[in-house]
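Listed below, chain by chain, are the residues.
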Amino acid sequence: MIVPMKKVSLVILNKDKETALKVLRKSGLVHLEKIEGTGDKLADIKNKVSKLEAAAGVLESFKAAKKGLNQVSCSNDEAFLKAERTIEIQELKKSLFEKIANDTAEKDRLEAWGKVDPQELKNLSEKGVYLSLYEIPSDKYQLIGDDIQHVVVNKTKGTVRFLLVSDDKNCVRPEAMPPEAYQVVLPEDSTDVIAQRIVENKSEIVKLDKEVEQNAYYFKAIKNYDKLLQKDIEFETIFTGMENDGTDGPNSLSWLTGYVPADEIENLKKIAEEQSWAIAYDDPSDDDEVPTKLKNNKFVSLIYPLTDFLGTIPGYKEYDISGWFLLFFTIFFGMIFGDGGYGLLVTLISLILLIKNAATKKPTATYGLVCLVGFATVVWGFVTCTWFGLTPEQLENNGFGFLTKLTVPAFSNAFKGSTWALPWATKNGAVLDVDKNLQIFCFSLALLQLSIAHLKAIGRNMKEKSLKWIGDFGALIQLWGMFYVVLSMVVSAEIFPLDLTLDYAWHWTVPFINKTIGFNQILVGKVAIILIASGFALSFIFSNFEGNIFQSILASVKNIISVLLGVVNVFSDIVSYIRLWAVGLAGAAISGTVNTMAGPMFGHAAMFVFLVLLLVFGHGMNMVLNLLSVIVHGVRLNTLEFSSHLGMSWSGFKYEPFSETVEK
């Protein structure tokens, strides 16, 4: 459930502001409205936090590279000095890398010349010999006339390098020099000096890395100081950002506003009375941005690690669908992950971790959720006879034939290829095979989940005594009619006909008593169309109802395109659930392919290692792909299709009270 909130305002004496905020923080009750702080102290703290976080980011990689690195306890001041030094080292390394890059480029530029020393050329110039470096393409070298004194240094493919000999100290380029020849700029230092400098700078980087590695022993201390300063930032932001009456006297006032769970308001009133604060509270208005606090039992709370990871928080005025989310996500996970063997591995690993964490009293919700969805996958493995991608024949031949019997024939791989129908068949003999039964099951899940969404909307509007519930009821029966249309268009037009002119009939042989009951399919098709038409009409008239039917109809007319597209969306939303079958089928195909590739290696000792690697890599990769599919598809059906029929936009934000704890 979404915990009801009260909007509170607290008024305190300005002189008691610091003490009051400490008391309020200790209580951990009030989620404060956003406040903008100011001041040099706040800026200084933020600057420190910026350095600490930057240093922690650098040190984390060194810490991760050395698992089990013992952490050193130290004062906050010492931790900050280590952080500052780490940042300084990073700047030094950046400068050294730039120097190495520049020197390397210079060295590479002159590499073909061999050793180049500008000092030697300077010494020769003092003796009246002036030399400059030139390069020219090989096919243009013959253009250099005999009147140009030069000495060829070397020739490589495509280039001739030579020294121009001149009696001009400025080494002016001769007019007869071919334009293709270009002068090589002398380096500031000799190539030997450049090479030595590169070596020295690289050596310096190694030394700096070792110093950073030593600072990694202070990683935890730096992180702890960062958390402490985060508390100071929050406190200083509120302290400097509180509104006040603008006076400076002893009776000047400051105040702040926030939100408190309704069941905690008495505790806050008691604190306010003890501290001589003025307090006012009321129910939030429709315009207030109220935080959302969810409260459920431990089982339903298993879904929280997933919703926290996704960042999906219902708005305060929306629905808490945690229970339904958990139920359907568990089913979807089992169907998409699909393989009972995979589910067994997931369940066993999560159970081990669950027991280990329970013994150390660490949070276990994540492992609890993994264990639950793993168990759901095992159940689906039994239902469909899917175990590590093995065929029913392979299970029989390897002593696991009992798994082909512990199954649901209508959905089981053990019955694929046979016409195992649901307990009906048409007069013309059309039946449903396993794949079509699974498709019907997917669409039935869609009908169930989306019907729940509309029933919840009906219940809320009836509670609020709004005739919008009639529009929601129209959307519900439209959904039911569209369900039959989907079965006809996607599953089988013979068994679920929309052609109302033909004579169709279902024949259902009741188990155990062998009595056959007939159903007129034409009647069912007519009912489906009537439901769609009447549902559309009711939704058109009442979906925008705000006290006036005429205004409601007018609003629908104004949005006629969206209203008509809404009918198509109902169809597409139901069809969207076929992804549960399709993605599961793809995963089964991959696991079957891995087994087929591994088949020829069985029984050959020399191939044992390759066999194990192939099976582990192939099935492991398939499990990863299945997990990604669950996140993409299983989550989508809850947060998009289901939520859109509920009218949810997940516009909420988490209740995070001003408290001693930084990580809420």
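Data block above holds the structure.
For every chain, the first residue of its written sequence is number 1, and the numbers climb from 1 along that sequence. Since the coordinates come from a predicted model, pLDDT governs what is reported: local features require at least 70, and pairs of side-chain atoms require 80 or more to be given and counted, while whole-chain, interface and lining totals use all residues. Hydrogens and water are ignored here; the side-chain numbers use all heavy atoms of the structure.

S.K.: Quick rundown of a nonpolar patch on the surface? Include the residues and the values.
M.R.: Patch definition: residues above 30% relative accessible area lacking any salt bridge, with like charges linked at up to 9 Å and the nonpolar side chains Val, Leu, Ile, Met, Phe, Trp and Tyr linked at up to 5 Å. For the accessible areas, the method is Shrake-Rupley and the probe is 1.4 Å, while residue cover comes only from the protein chains on display. One side-chain nitrogen of Lys or Arg within 4 Å of one carboxyl oxygen of Asp or Glu is enough to make a salt bridge. Together, Ile590, Phe617, Met621, Val624, Leu625, Leu627, Leu628, Ile631 and Val632 give the surface a local cluster of nonpolar side chains, amounting to about 790 Å² of exposed area. The greatest single-element share of the nonpolar patch, amounting to eight residues, is contributed by helix α20 (residues 608–646). When its relative accessible area of 57% is taken as the criterion, phenylalanine 617 is described as exposed. By definition, any uninterrupted DSSP run of H or I lasting at least four residues is a helix, any uninterrupted run of E lasting at least two residues is a strand, and each is numbered from the N terminus. Burial classification: accessible surface area is computed with a 1.4 Å probe over protein chains only, and a residue below 20% of its type maximum counts as buried, one above 50% as exposed, and the rest as partly exposed.

S.K.: So, the pattern of salt bridges: which residues are in play, and what are the values?
M.R.: As enumerated under the stated definition, the model contains 20 salt bridges in all. For glutamate 236, the salt bridge is made with lysine 41, and the minimal N-O distance between the two is 3.8 Å. Of this pair, glutamate 236 sits in helix α6 (residues 219–241) while lysine 41 sits in helix α2 (residues 40–65), and the two are 195 residues apart along the sequence. Residue glutamate 236 is classed as buried on the basis of its relative accessible area of 9%. When its relative accessible area of 54% is taken as the criterion, lysine 41 is described as exposed. A salt bridge links lysine 269 to glutamate 266; the shortest N-O distance between them is 3.5 Å. Residue lysine 269 and its partner glutamate 266 are located together in helix α7 (residues 265–275), separated by three residues, close to a single helical turn.

S.K.: Hey, could you go over α6 for me, with residue numbers and the actual values?
M.R.: The end-to-end C-alpha separation of α6 is 32 Å, in line with the 33 Å expected for 23 residues at 1.5 Å each. Buried residues of α6: Phe219, Ala221, Ile222, Tyr225, Asp226, Leu229, Lys231, Ile233, Phe235, Glu236, Thr237 and Ile238, and no others. Here, expected helix span is obtained from the residue count minus one, scaled by 1.5 Å.

S.K.: Tell me about the sheet that holds strand β3 (residues 130–137), and please be specific about residues and values.
M.R.: Strand order in this open sheet of four strands is β4-β5-β3-β6, and the pairing throughout is antiparallel. Where the open sheet ends on each side, the last strands, each with one partner, are β4 (150–156) and β6 (182–184). Each strand of the sheet is rotated relative to its neighbour by a mean of 30°, with strand direction disregarded. Here, any two strands with at least 2 DSSP bridges between them count as paired. Think of each axis as a best-fit line through the C-alpha atoms, taken over the contacting stretch in the case of a helix, with angles from 0 to 180 degrees between the N-to-C directions.

S.K.: Quick rundown of the pairing of strand β8 (residues 253–261)? Include the residues and the values.
M.R.: Across the nine residues that make up β8, a large majority, seven, are buried. Bridging between strand β1 (residues 5–13) and β8 involves nine bridges; their strand directions are antiparallel. Of the residues in β8, the one forming a bridge with valine 8 is glycine 258. Alignment of strand β2 (residues 31–32) against β8, held across two bridges, turns out to be antiparallel. When the sheet's bridge partners are listed, histidine 31 is paired in β8 with tyrosine 259. Pairing of strand β7 (residues 243–244) with β8, which is carried by two bridges, proceeds in the antiparallel orientation. Pairing of asparagine 244 across the sheet is with serine 254, part of β8.

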